[in-house]
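Residues per chain are reported as follows:
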Amino acid sequence: AGWSDDGTTIIVKNPQTFALSHLPRYFKHSNFASFVRQLNIYGWQKVKDHDSSDGSVAFHHDSFQRGRPDLLGDIKRSYKKPPKKHSIQEEKKEEHASFNTRFDEIQQQMD
């Protein structure tokens, strides 16, 4: 792995070798897909327009730049908000409204 020429992108030249030789040093696995998932959780993005004809993969994070350790504190884990839980009362109201709507539709069909 190494930097892009402009120092704003990390390039993993051989993901399989990287996974086997480097990941076990810092993680409890050597699975490149799991590593990529972790990068995504921390806001990294795969560089879509990277020339990967040689099998390399490139990743970018706005706060990870060569020579800029002052930006590292901005790399934070992103947390998805859990889905809003409806109370039982709210669910009953929704069921009741749905039932009333369906009842009205049936009644109009019968008229």
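Treat the numbers as computed from the prediction; the structure is a model and nothing was measured. (Residues numbered from 1 in each chain as written. Predicted model: local features only at pLDDT ≥ 70, side-chain atom pairs only at ≥ 80, totals over all residues. Heavy atoms only, no water.)

K.L.:
Looking at this structure, I do not really get the sheet that holds strand β4 (residues 57-60). What am I missing?
P.N.:
Backbone hydrogen bonds are what pair the strands of a sheet, in a parallel or an antiparallel way. Across the sheet, four strands lie side by side as β1-β2-β4-β3; this open sheet has antiparallel pairing. Both edges of this open sheet fall to β1 (2-3) and β3 (45-46), since each of them pairs with a single strand only. Two strands pair when backbone bridges link them, and β3 and β4 are joined in this way by two bridges, in the antiparallel orientation. Bridged to Lys 46 within β4 is Phe 59. (Pairing = 2+ DSSP bridges. Helix = DSSP H or I, 4+ residues; strand = E, 2+ residues; numbered from the N terminus.)

K.L.:
I'm lost on helix α3 (residues 32-41) in this one. Help?
P.N.:
Think of an α-helix as 3.6 residues a turn; residues three or four steps apart then line up on the same face. Within the span of α3, buried status applies to Phe 32, Ser 34, Phe 35, Val 36 and Leu 39. Those residues of α3 that are buried are in contact with β2 (9-12), α1 (15-21), α2 (23-26) and β4. Between a side-chain oxygen at the N-terminus of α3 and the backbone nitrogen of Ala 33 the separation is 2.9 Å; the capping residue is Asn 31. Immediately beyond the C-terminal end of α3, within one or two residues, lies Gly 43, with a positive phi of roughly 90 degrees. (Buried < 20%, exposed > 50% of the residue type's maximum accessible area, 1.4 Å probe, protein only. Contact = heavy atoms within 4.5 Å. Polar contact = N/O pair within 3.5 Å; in protein donor to acceptor, adjacent residues only side chain to side chain.)

K.L.:
What is the right way to read the pairing of β4 from this model?
P.N.:
Pairing of β2 with β4 involves four bridges; the strand directions are antiparallel. Bridging from a neighbouring strand, Thr 9 pairs with His 60 of β4.

K.L.:
I tried to follow the pairing of β2 on my own but got confused; where do I start?
P.N.:
Taken residue by residue, a regular strand's side chains alternate between the two faces of the sheet. Of the two faces of β2, both are covered, the one formed by Thr 9 and Ile 11 as well as the one formed by Ile 10 and Val 12. Here β1 pairs with β2 via two bridges, running antiparallel. Residue Gly 2 lies in a different strand from β2, and its bridge partner there is Ile 11. Counting the residues between successive antiparallel strands, the hairpin from β1 to β2 contains five residues, one of them, Gly 7, with a positive phi of roughly 75 degrees.

K.L.:
Please explain a negative patch on the surface as it appears in this structure.
P.N.:
Where like charges cluster on the molecular surface, the negative patch consists of Glu 90, Glu 91, Glu 94 and Glu 95. By the secondary structure assignment, Glu 94 is in helix α4 (residues 88-110). (Patch = residues over 30% accessible without salt bridge, like charges linked within 9 Å, V, L, I, M, F, W, Y side chains within 5 Å. Areas by Shrake-Rupley, 256 points an atom, 1.4 Å probe, with all protein chains shown as cover. Salt bridge = Lys/Arg side-chain N within 4 Å of Asp/Glu carboxyl O. Lys, Arg positive; Asp, Glu negative; His and termini not counted. Charge placed at Lys NZ, Arg CZ, Asp CG, Glu CD.)

K.L.:
Any chance you could explain the pattern of salt bridges here in plain terms?
P.N.:
A side chain with one charge can pair with a side chain of the opposite charge if their charged atoms come near. Within the structure shown, the criterion is met by one salt bridge. For Asp 70, the salt bridge goes to Arg 68, with nearest N and O atoms at 2.8 Å.

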